[in-house]
Structures are given as C-alpha cells and as structure tokens.
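What follows is each chain in one-letter form.
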Amino acid sequence: MGGETLRSTTRVTGFEDPELDFQLLRHLGSAVYGGAAVGECLAVAAQIRDGQGWTDAFAALAERQRAEAEQYAAAGHRVSARERYLHAANSFRAAEYFSPFGAQRHVDLGLASRAAFGSAMEYDPVHIEELWLPWNGQRLPGYWLSASPDPAPTLVATSGFDGTLEETYFQIGVSALQRGWNVMMICGPGQMDTARTEPDTHFVPDTESWVSPWIDMALARPGVDAGRLALLGISFGGYFVSRAAAHESRIAALVANSPVIDLRAYMVSFVAAMGGDPEQVLRPEDDFSLTDIDEIPDEEMPPTIKEMSRSLIRRFGQTTFLGTFAHLRQFSVDPAEIRCPALGLVGTGEGGEPIRQYEEFCQRAGGRVTGRMFTSAEGADTHCQLGNLTLSNAVTLDWLDEIVGSRP
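What you see is a predicted model, and the numbers here were worked out from it, not measured in a lab.

1. Some points on the UniProt feature "domain: Peptidase S9 prolyl oligopeptidase catalytic" (unreviewed entry) in the protein
Stage number 1. Following the UniProt record, the feature "domain: Peptidase S9 prolyl oligopeptidase catalytic" (unreviewed entry) maps to residues 214-269 here.
Stage number 2. In residues 214-269, helix accounts for 39% and strand for 29%; the two terminal C-alpha atoms are 31 Å from one another.

2. Considerations on the pattern of salt bridges
Stage number 1. Counting across every chain of the model gives 33 salt bridges.
Stage number 2. The salt bridge partner of Glu-96 is Arg-196, with a shortest N-O separation of 3.4 Å. With Glu-96 in helix H4 (residues 78-97) and Arg-196 in helix H7 (residues 192-197), the pair connects residues that are 100 residues apart, well separated along the chain. The same class applies to Glu-96 as to Arg-196, namely buried.
Stage number 3. Ionic pairing is found between Arg-356 and Glu-360, a salt bridge with its closest N-O pair at 3.2 Å. On the criterion of helical spacing, the pair formed by Arg-356 and Glu-360 is a turn pair, its members being 4 residues apart in helix H15 (residues 352-364).
Stage number 4. The exposure class of Glu-360 is partly exposed, given its relative accessible area of 23%.
Stage number 5. When salt bridges that share partners are traced, they join Asp-334, Glu-353, Arg-356, Glu-360 and Arg-364 into one network.

3. What to know about the packing of H4 against helix H5 (residues 104-121)
Stage number 1. One way to put it is that H4 packs onto H5 with a least axis distance of 8 Å and a crossing angle of 160°. As the angle between them shows, H4 and H5 are arranged roughly antiparallel. Relative to H5, H4 is oriented so that their crossing is left-handed. Contact residues: Arg-82, Tyr-85, Leu-86, Ala-88, Ala-89, Phe-92, Arg-93, Ala-95 and Glu-96 in H4; His-106, Leu-109, Gly-110, Ala-112, Ser-113, Ala-116, Phe-117, Ser-119 and Ala-120 in H5.
Stage number 2. Of the residues belonging to the contact of H4 with H5, the class tally is 11 nonpolar, 4 polar and 3 charged.

So, how was this worked out
Residues numbered from 1 in each chain as written. Predicted model: local features only at pLDDT ≥ 70, side-chain atom pairs only at ≥ 80, totals over all residues. Heavy atoms only, no water. UniProt positions renumbered as here; feature names shortened; annotations may be inferred. Helix = DSSP H or I, 4+ residues; strand = E, 2+ residues; numbered from the N terminus. Salt bridge = Lys/Arg side-chain N within 4 Å of Asp/Glu carboxyl O. Buried < 20%, exposed > 50% of the residue type's maximum accessible area, 1.4 Å probe, protein only. Axes fitted to C-alpha atoms, helices over the stretch in contact; angles between N-to-C directions. Parallel < 35°, antiparallel > 145°, perpendicular 65-115°, else oblique. Left-handed = near helix turned anticlockwise from the far one by under 90°. Contact = heavy atoms within 4.5 Å. Nonpolar A, V, L, I, M, F, W, Y, C, P; charged D, E, K, R; others polar.

Laid out in structure tokens, this is it:
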C-alpha cells in the first residue's frame, strides 16, 4: 500500500488581518496556564480562513469541549473534566469577543464562559468563592481564590475593556496562586462580566469609586494582611488601577500592564485609520448616534469600524461618537499622585502612544517605579505580553514578592 509519510496536516498559520492574528495569539498564549490546546486553536483558525465566522467557529469548539467535560465528569475523571471545562470557558470567551456587544448571543456566550469556569473549579483544589459587590444599584462580579488557609499576601486584579474575570485567571491568577498568593479578581461598571447581568452598565472615570469598596471587602476577610495587598490592572485595567492608586492609600504595590494615564489619547491612537482625532477630523454635522450607525454605507464605514463605534458609544454611556470622545477627557490620572511602589509593563509592539504613556508613567509616578519593556525577541512584545505569559508573570510576581510578599 503506497503513500507518503507526514508529520501532520496542521499548519501553523495565522491571519492577514492583524486584529484576527492578535486574537488568535491571545488565545494561544493562554495554553501555558490551561486555557487552550494549541492544536485546537490552529484547527479553528483554519476553519475561519476557510470562511467560517470567528464567533461561530469558537462557539462550536466551546460546545464540544463542554460536552466532553461533562462526559469526563460523569465518568469520575476529575482532572480531565477540570481541564476540559477550562478550555470551554476560554473558548466561549473567544467567541464572545467578536459577537456584537449587548446582543443576546453576546450575553449567552459570556454566561456560558462563566458557567464552564465554575464547573472547572469544582474539581480544583484551590478554594474559590463567587463575589458580588453592590455598587450604585448594580452588582459587580468577582472571585476570591486561595491555595492555602495560611496567611498570605493578596493580589487584587482586574482586566480592561474586553477581558473577563475568567481570562484574568489564566493571565495572572494561576501564576499568583502557584506562588502562594491569595487572588481577588474584580470587575467594575462597564466591564464585560458586569454587562452580562447589568445591560445598562458603563465605564466611569473615577475608578476609585468601585475599586476602594472591593479593597474594603478584601481587607474584611479573615487572615488578609492589610500591609500586603497589591493591585494589578490588565489593558484598560491599567487605567482603572492607576486612577484608583492615586486616590487609595491602602495599596502596598501597583502593577499597571500597561499604564494608561490618558485614555482619550490612547483611544485616538486606536482610531488613527479615521485620519486622526475624531473631534478634529469630523465636523459636528458628521457626528452620528447609535441609531445612525446602521444607515451609514459600508463603503464609508467598514462593518468592523461600525461595531467598534457602537461598542464605544454604549460602553461609555454616551449617545454619539463625538460625544464619547469628549467624555473621554475625564479619564485621566496624574502619575505624580501615585505614592506606592509601582511596576509599569509595556511591549515594544504596542505602538507609539502606549509606549509614550508608559514612559511618562515611569518618569512621573510619585513613588518608587520599576519599568519593564518586553521585546519581540522575547516573544512578549504584544499588548499585555499575551504571547509569553510565563515571562510576564515571572517579572510581575517576582517584583511583587520582593516589594510586598516577603513583608510580614
């Protein structure tokens, strides 16, 4: 019987579109902490290149992973069930990402991610509790995780614009738990997890208004050392925590990954394809509202830009596009007001504006500052070092151990 011998039919191929490629790398990067299987990521990428939509492809993968987890659980295979539920949780998150924000499917995918994560943690030796913080008529979700009942330093961590609590577990939670830290993963208004149950939620500039109540909750827990509490923010979370640290004296150490001290400037750099600052290149009569977006021809505004604009307007609680960018002027923080030790992280591949804000953060922060810029040679130049989480966490948690963890 003839034929050739092959190593594999799977090919390590990404996408021409840089956003799709980044999202694929984001998912692949989580594999080191149990968030994905590399072969499945590449198989789904091939399906998407062949014409299947991102959301549909990752949702189908998540459904299969969840079904397999349920089979393992029914057969008493606890480790296999846990691993597969974690894969499903992260695949549902990936499907959620490109699903239109606020649509029922978007909500359903997010809740499925949360449910799969909860099922996984039933088979995990780590102690976990669901948390809900009442805030201005909303319920903000969170998790408390601890690997041991013994006294330990506590890391309070939050994600950003499109990250989730469950993704934060893969990005920093697992690694912190391995090093003996307690981990409180928190959300604020406007974030993806909150929007799953609070459809009218939106971001607020005074993030200390919700971070401080979470710190109250952490310090009220038995055995939490008030002198060993650190705060970490991922992506847009870099703004959340920097702003909170400028107004909150109980934080022993701050990690901003990456530092965002002027959100409006950051967002203007994101929409550079529009020709510059929207308030400068668009006339008042060119402004558009949520109801106007679908009336704009695709030749004038591609569907991806339409969806980004729709999400921006809704998630900042505004009514028009230009109104949103005017509102963003409130989202700023003076680094000089941050007095605790701080670590700023950024990748060389993130672009000029994130690096500029990182450098200003490091130069002007009011306390002891450590900066770390990751490179492409390290495989970590991406936003939040998603391509090399192991290195990112070594830098972050070793610094935290030196600043906070060893202090009695």
